[in-house]
Amino acid sequence: MTLPDDWEMVVGLEVHTELLTKSKLFCGCQNHFGSEPNTNICPVCLGLPGSLPVLNREAVDFAMRIGMALHSTIAPSTFHRKNYFYPDQSKDYQISQYDLPINSGGYLDLPDGSRVSIERAHMEEDTGKSTHLGGSGRLAGADSSLVDYNRCGVPLVEIVSGPDIRSSAQARTYAAELRGILIATGASDGRLEEGSMRFDANVSVRRSGQPFGTRCEIKNLNSLRSLQRAIEYEALRQVELLEGGGVVRQETRHWDENLGETSTLRVKEDADDYRYFRDPDLVDLAPDQAWQDRVRAALSPMPAQRRGEVVALLREPSDAQLDAVEVVIDLGLEKYVHAVADASGDAGLAVARVANELAADVDHVANLSTESFVATVLMEQRGELSATQAKTVLGEVLASGGDPHAIAASKGFEQLSADTLGSTVASLIDAHPDEWQRYREGDEKLAQFFIGQVMKLTRGQANGKAVIAELQARR
Amino acid sequence: MKSATQIAADVRSGASSAAAELERTLSVIAERNEELNVFLHVDIDGARAAAADVDARIANGDNVGPLAGVPIAIKDNLCQVGIPTTCSSKILEGWRPPYNATVIERIVAAGAVPVGKTNLDEFAMGSSTENSAFGPSRNPLDPTRVPGGSSGGSAAAVASNMTSLSLGSDTGGSIRQPAALCGLVGVKPTYGLVSRYGLIAFASSLDQIGPFSKTVADSALLLEVLAGHDPKDSTSLPEASPSLVAHVNDGVAGQRIGLVRELFDGADESVVTAVRAAAAALREAGAKIVDLSIPELELTLSAYYLIAPAEASSNLARYDGVRYGLRVKADDVTAMMEATRTAGFGAEVKRRIMLGTYALSAGYYDAYYGQALKVRTLTINAFARAYEQVDLLLGATTPSVAFKFGAKTADPMAMYLNDVFTIPTNLAGDPALSVPFTTGEEGLPIGVQLLGPGRSEARLFAAARVLEIADGRP
């Protein structure tokens, strides 16, 4: 689906990410997803009368890391109260940064070379979670509601992009790249399915060269796929509306994943007046240079840099290899690739093995030392293990650790001796004279025939490259 | 009636016991509480257990602390584990805090025996306790008159000899005004000197907890225990508790004290006379009295009645029936919240929530709340300039002696004007105290107010002690 000629979409994203702090933003309660309801609570996050918030230093560390990774300016900031009544909000106001956020400005460069500006990345507290039972299943009209305050007060950073995104695919790429950055900073686990990251998209359309149109905000998108589909749908809806002579109303819209549609949640005119004002229970936040320097020094390299370093190890990488590199970076497993490159100078096979075999069993990579990985890949590169054998050995080490050489030996994956391979090839040539003749006359496809036959006879122990070398030597 | 200093000394020396002091307190409460409506809740069992604990520790040779065995009354907007805490509001019906305010932890650690919770204007909004959902407290010196407010119950507890000490909170004069009307010493400390953790917020940027007592030395004794950094309050000052008791008799020789026209202009003649007499007494004791005018102070009442309600409108949002306190059943959650708040809050609280909501609303913020913040800055700067010329300031605490019930309830502005002399220091964050000095109409006490720059409590106590002696209470 694309927009009709002459139309352009203008998209800005607001991304909420939960921070991986040990405790909540303003109290000592555990910040943990999946606990029994209302077990990680105390007078402060429950907003009991008389309780007071105290800012969590670790949350400030994470917020600054995010800002630094996005090239933001870190400035003295304040906390405000955003006042509105809602049962999952224990104080009936949310503490959030408003006119003076900790991070302002910045940008994010996407792999395709485009740049999306960042307006701000500010800190705020999360709300609790309501479950509405019976009736309509939503707040209004439910028979009863239950609230779990475990999430109430969990630290969030909201990252607001400029209106620089011009396609739903670019929006998805931005969100994915941002996710990689948040994981790299250690600030987030990037688990969309647990709500660790949530997206709001501001979408408008215009004819090329015209000023920005009226925007609609789509709330609470929680997967990259929903994000892309919702933006696509919403932009098309607006174009069709405008081409039919209608006008776009500024409003907040809800994305229905099953219907694949957005619908009106509330129109701007009856939007809440949040009566923001400085929270008098908190003091100004102004991390000094020494604090900022400490945070910066502890910052790991970002995905773009790491991606560049792995790609540089590949000779003329194919698109498939670049996709594989993406998987390697996403999983943060490039140390295996670098170790192989250091040992042999050739990272191509290592990228493939990480993006396939390691990615398939990522929960067990702790069992696989870089040394074991290097040893396995080198055996394969040298022809001592076939591809199938190498995968088997990696699978074994991932499952239960152990030495790859010993595993290869125990599986009988000893290298076929040159003599055995030679005599096997010789006997096959004798058995298939016609095929051998055609191969000698230049039909390269027949090489695969002979490799297949060798594999059959040796039960997969031979190395394909070694077979070709043997065939060519006899050609 | 023994002073707290004397009770603690007697309990420590074995001349008395915590249990005996408590029983005396309980007997006065039993005698007078029904008439005066001072305590909303008396924790007889808890207090007896606490007193027994103090006596056991003394028998054991432990160092029990500076408030050993002193019964103390607690304003009912301070959280104490398991004790009903109402803020004199129906909306907190049935709520018992699961945690202690920092000040409760500190007084108990110092050997004090909390005896119960005292009446106040609902959520500390008022100047007479007439806004309490549980009826007003009466002034022990004349039960036809108000004890002042909002900490009227805590003032009446000490004035009626139920206890020698009590805790109040002061947002715009809620300690100093009832102290003046009940003939007591009452202190509003420097903002941040005493932790607000566990004080149910009215206006967070103005609220401070402080002591009531009959003597200057007793207030100094209690404030020393209350003060000092608390990591649970982000606005708590970083330093440890200052030395106060040791400086009570420092005198005022060589001190420059500003007599501020705006802090007594418009007060009753008896009050103005008392303030001038206090100035003369301080001069007599060696202070240099300087006549001052700080015109900015005339703007502070208006600014206060925007800032305090604005903060209150947000602080009181949480009383929505969802988690604790009153819940009025309704068809859906929004209707339940509305019905609960409609039934649970009294008229003055509703008035201030509406004022504050309006002052913060889009389109009005700059004209009201924003403007009030500017006045606050002007006030801070004006006080700072005054303190370049003088060490302390002197004025009235209230425009009149204690007034009769109903005298000001018909007109909210008349009631608000009662705080005109006390509000400026809350906006500035500076300390001030009220000390009884002479009497006025019907022999009722008059309080004069001493104000100082941040962290000047020791100097304030020394000057108050000079007035105490000059007023015939050596």
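Residues numbered from 1 in each chain as written. Chains lettered and ligands numbered in written order. Predicted model: local features only at pLDDT ≥ 70, side-chain atom pairs only at ≥ 80, totals over all residues.

Participant: Teacher, can you tell me more about the overall build of chain A here?
Facilitator: Looking only at helices and strands, chain A has 15 helices and 15 strands in total. For 475 residues, the compact-globule formula gives about 23 Å, and the C-alpha radius of gyration of chain A, at 29 Å, lies well above that figure. C-alpha extents for chain A along the principal axes are approximately 90 × 55 × 50 Å. Every one of the 475 residues in chain A was classed for burial, and the buried ones make up 40%. A fraction of 69% describes how many contacts in chain A between residues 6 or more apart in sequence connect residues 24 or more apart. (Helix = DSSP H or I, 4+ residues; strand = E, 2+ residues; numbered from the N terminus. Rg over C-alpha atoms; globule rule 2.2 N^0.38 Å. Buried ≥ 20, exposed ≤ 12 C-beta atoms within 10 Å, placed from the backbone. Contact = placed C-beta atoms within 7 Å.)

Participant: Please clarify how the overall build of chain B should be interpreted in this entry.
Facilitator: The number of helices and strands found in chain B is 15 helices and 11 strands. Computed over its C-alpha atoms, the radius of gyration of chain B comes to 21 Å, within 12% of the 23 Å expected for a compact globule of 474 residues. Principal-axis analysis of the C-alpha atoms places the extent of chain B at approximately 65 × 55 × 45 Å. In chain B, which comprises 474 residues, the proportion classed as buried is 64%. When contacts within chain B are restricted to residue pairs at least 6 apart in sequence, those whose partners lie at least 24 apart make up 75%.

Participant: Any chance you could explain the domain arrangement of chain A here in plain terms?
Facilitator: Where interface size is given, it is often the accessible area lost as the parts come together that is meant. Each assigned domain of chain A is listed here: domain 1 (7–297), domain 2 (303–400) and domain 3 (418–474). For domain 2 of chain A and domain 3 of chain A, the distance between their C-alpha centroids amounts to 29 Å. (Domains from an automatic or database assignment.)

Participant: Which parts of the structure should I look at to understand the interface of chain A and chain B?
Facilitator: Chain A puts 29 residues into the contact, and the matching count from chain B is 33 residues. Broken down by class, the residue content of the side of chain A that touches chain B amounts to 17 nonpolar, 6 polar and 6 charged. (Nonpolar A, V, L, I, M, F, W, Y, C, P; charged D, E, K, R; others polar.)

Participant: Explain helix 4 (residues 102–109) of chain B here, please?
Facilitator: In an α-helix, one turn spans 3.6 residues; hence positions three or four apart end up facing the same way. Residue and element names in this part refer to chain B. Along helix 4, 6 of the 8 residues are buried, which leaves the element largely enclosed by surrounding structure. The set of residues buried in helix 4 consists of Thr102, Val103, Ile104, Arg106, Ile107 and Val108. If you follow the buried residues of helix 4, they end up packed against helix 3 (44–59), strand 2 (71–75), strand 3 (113–118), strand 4 (165–170), strand 6 (208–213) and helix 7 (216–226). Just past helix 4, the residue Gly111 takes up positive phi, approximately 100°.

Participant: What's the story with the sheet that holds strand 6 of chain B in this structure? I'm lost.
Facilitator: The strands making up a sheet associate through backbone hydrogen bonding, with each pair oriented either parallel or antiparallel. All names here are of chain B. Across the sheet, which stays open at both edges, the 11 strands sit in the order 1-3-2-4-6-5-10-11-9-7-8 with mixed pairing between neighbours. Two strands close off the open sheet at either side, each with one partner strand: strand 1 (39–42) and strand 8 (288–292). Here the strands of the sheet are splayed against their neighbours by 30° on average, with no regard to which way each runs. Strand direction decides the pairing type here: strand 4 and strand 6, joined by 6 bridges, are antiparallel. Directly across from Gly168, in strand 6, lies its bridge partner Gly210. Relative to strand 10 (residues 432–439), helix 15 (residues 457–470) is tilted by about 5°, and along the sheet it contacts strand 5 (185–188), strand 9 (392–396), strand 10 and strand 11 (445–451). (Pairing = 2+ DSSP bridges. Axes fitted to C-alpha atoms, helices over the stretch in contact; angles between N-to-C directions.)

Participant: Help me understand the environment of Asn83 of chain A, please; the structure alone is not making it clear to me.
Facilitator: In this fold, Asn83 of chain A is placed in strand 3 (residues 80–83). Separated by 39 residues in the primary sequence, Asn83 of chain A and Val44 of chain A have C-alpha atoms spaced 17 Å apart. With residues up to four places along the chain from it excluded, the contact list for Asn83 of chain A reads Tyr93, Tyr274 and Arg275 of chain A together with Ser314 and Ala317 of chain B.

Participant: Hey, could you run me through the domain arrangement of chain B in this one?
Facilitator: Residues and elements named next belong to chain B. Along its sequence, chain B is carved into domain 1 (4–243), domain 2 (256–297 + 385–470) and domain 3 (302–366). Relative to domain 2, the C-alpha centre of domain 1 lies at a distance of 23 Å. Mapped by element, the contributors of at least two residues to the side of domain 1 that touches domain 2 are helix 6 (176–182), strand 5 and helix 7. Considering every element that reaches the side of domain 1 that touches domain 2, the biggest residue donor is helix 6, with 5 residues. Considered class by class, the residues forming the side of domain 1 that touches domain 2 number 16 nonpolar, 14 polar and 6 charged.

Participant: Would you mind showing me how to read unusual backbone geometry here?
Facilitator: Glycine aside, residues mostly have negative phi, and peptide bonds are mostly found in the trans state. Residue and element names in this part refer to chain B. Put simply, Gly149 and Ser150 share a cis peptide bond, and its omega is 10°. In this fold, Ser150 is placed in the loop between strand 3 and helix 5 (152–159). Not every positive phi belongs to a glycine, and Asn161 is a case in point at roughly 65°. Along the polypeptide, Asn161 turns up in the loop between helix 5 and strand 4. Here Asn161 falls in the partly exposed class, since 16 other C-beta atoms lie within 10 Å of it.

Participant: I tried to follow the nonpolar core on my own but got confused; where do I start?
Facilitator: For soluble globular proteins, nonpolar side chains are generally found buried alongside one another. Formed by 225 residues in total, the largest nonpolar core has its most connected members in Ala201 of chain A together with Val113 and Leu394 of chain B. Residues Val340, Phe373, Leu394 and Phe413 of chain A belong to the second largest nonpolar core, which totals 30 residues. (Core = buried A, V, L, I, M, F, W, Y, C linked by C-beta atoms within 7 Å.)

Participant: How should the packing of helix 9 (residues 300–315) of chain B against helix 11 (residues 347–360) of chain B be read in this particular structure?
Facilitator: How two helices sit against one another is set out by the angle between their axes and by the gap between those axes. Residues and elements named next belong to chain B. Running from N to C, helix 9 and helix 11 cross one another at 100°; their axes reach a closest spacing of 7 Å. When the axes of helix 9 and helix 11 are compared, the pair comes out roughly perpendicular. Along the contact surface, helix 9 presents Tyr305, Leu306, Pro309, Ala310, Glu311, Ala312 and Ser313, while helix 11 presents Arg352, Ile353, Leu355, Gly356, Thr357, Ala359 and Leu360. For the contact of helix 9 with helix 11, the residue count by class is 9 nonpolar, 3 polar and 2 charged. (Parallel < 35°, antiparallel > 145°, perpendicular 65-115°, else oblique.)

Participant: What is the right way to look at helix 8 (residues 269–284) of chain B in this model?
Facilitator: All names here are of chain B. In a regular helix each residue adds 1.5 Å, so 16 residues correspond to 22 Å; helix 8 covers 22 Å between its end C-alpha atoms and thus fits that length. Those residues of helix 8 that fall on the buried side of the exposure criterion are Val271, Ala274, Val275, Ala278, Ala279, Ala281 and Leu282. Seen end-on, helix 8 carries its buried residues on one side only, within an arc spanning 160°. Among the exposed residues of helix 8, those pointing more than 90 degrees away from its buried face are Glu269, Ala280 and Glu284. Turning to helix 8, the residues buried within the fold contact strand 7 (256–260), strand 8, strand 9, strand 10, strand 11 and helix 15. Backbone geometry just after helix 8 places Gly286 at a positive phi near 110°. (Expected span 1.5 Å × (residues − 1). Arc of directions from axis to C-beta.)

Participant: Looking at this model, I keep getting lost on the environment of Ser386 of chain A. Mind explaining?
Facilitator: Tracing the sequence through the fold places Ser386 of chain A in the loop between helix 9 (370–381) and helix 10 (387–400). Setting aside residues up to four positions removed in sequence, Ser386 of chain A forms contacts with Gly460, Gln461, Ala462, Asn463 and Gly464 of chain A.

Participant: Teacher, can you tell me more about the packing of helix 1 (residues 57–69) of chain A against helix 4 (residues 289–297) of chain A here?
Facilitator: All names here are of chain A. Relative orientation of the contacting elements helix 1 and helix 4 amounts to 70°, with a least axis distance of 10 Å. The angle between helix 1 and helix 4 falls in the class roughly perpendicular. In this structure, the crossing between helix 1 and helix 4 has a hand that is right-handed. Between helix 1 and helix 4, the contacting residues are Asp61, Met64, Arg65 and Met68 on the first element and Gln292, Val295 and Arg296 on the second. Its residues placed into classes, the contact of helix 1 with helix 4 shows 3 nonpolar, 1 polar and 3 charged. (Left-handed = near helix turned anticlockwise from the far one by under 90°.)

Participant: So what exactly am I meant to see when it comes to the confidence of the model for chain B here?
Facilitator: Low-pLDDT portions of the prediction should not be read for the details of their coordinates. When pLDDT is averaged across chain B, the result is 97; 100% of the residues are at 70 or more. Per the prediction output, this complex has pTM 0.90; the corresponding ipTM is 0.96. (pLDDT = per-residue confidence, 0-100.)

Participant: Looking at this structure, how should I read the pairing of strand 10 (residues 155–161) of chain A?
Facilitator: Two faces, one strand: in a regular strand the side chains alternate between the faces of the sheet. All names here are of chain A. Counting buried positions along strand 10 gives 5 out of 7 residues, so the element sits mostly inside the fold. Of the strand pairs in this sheet, strand 1 (residues 7–18) and strand 10 are connected by 5 bridges, and their pairing is antiparallel. Counterpart to Glu18 in the pairing with strand 10 is Leu156.

Participant: Could you clarify how one ought to interpret the environment of Gly61 of chain B in this entry?
Facilitator: Residues and elements named next belong to chain B. Secondary-structure assignment places Gly61 in the loop between helix 3 and strand 2. Residue Gly61 is classed as exposed on the basis of its C-beta count, with 7 C-beta atoms lying within 10 Å. Put simply, Gly61 and Arg12 are 49 residues apart on the chain and 9.6 Å apart in space, counted from C-alpha to C-alpha.

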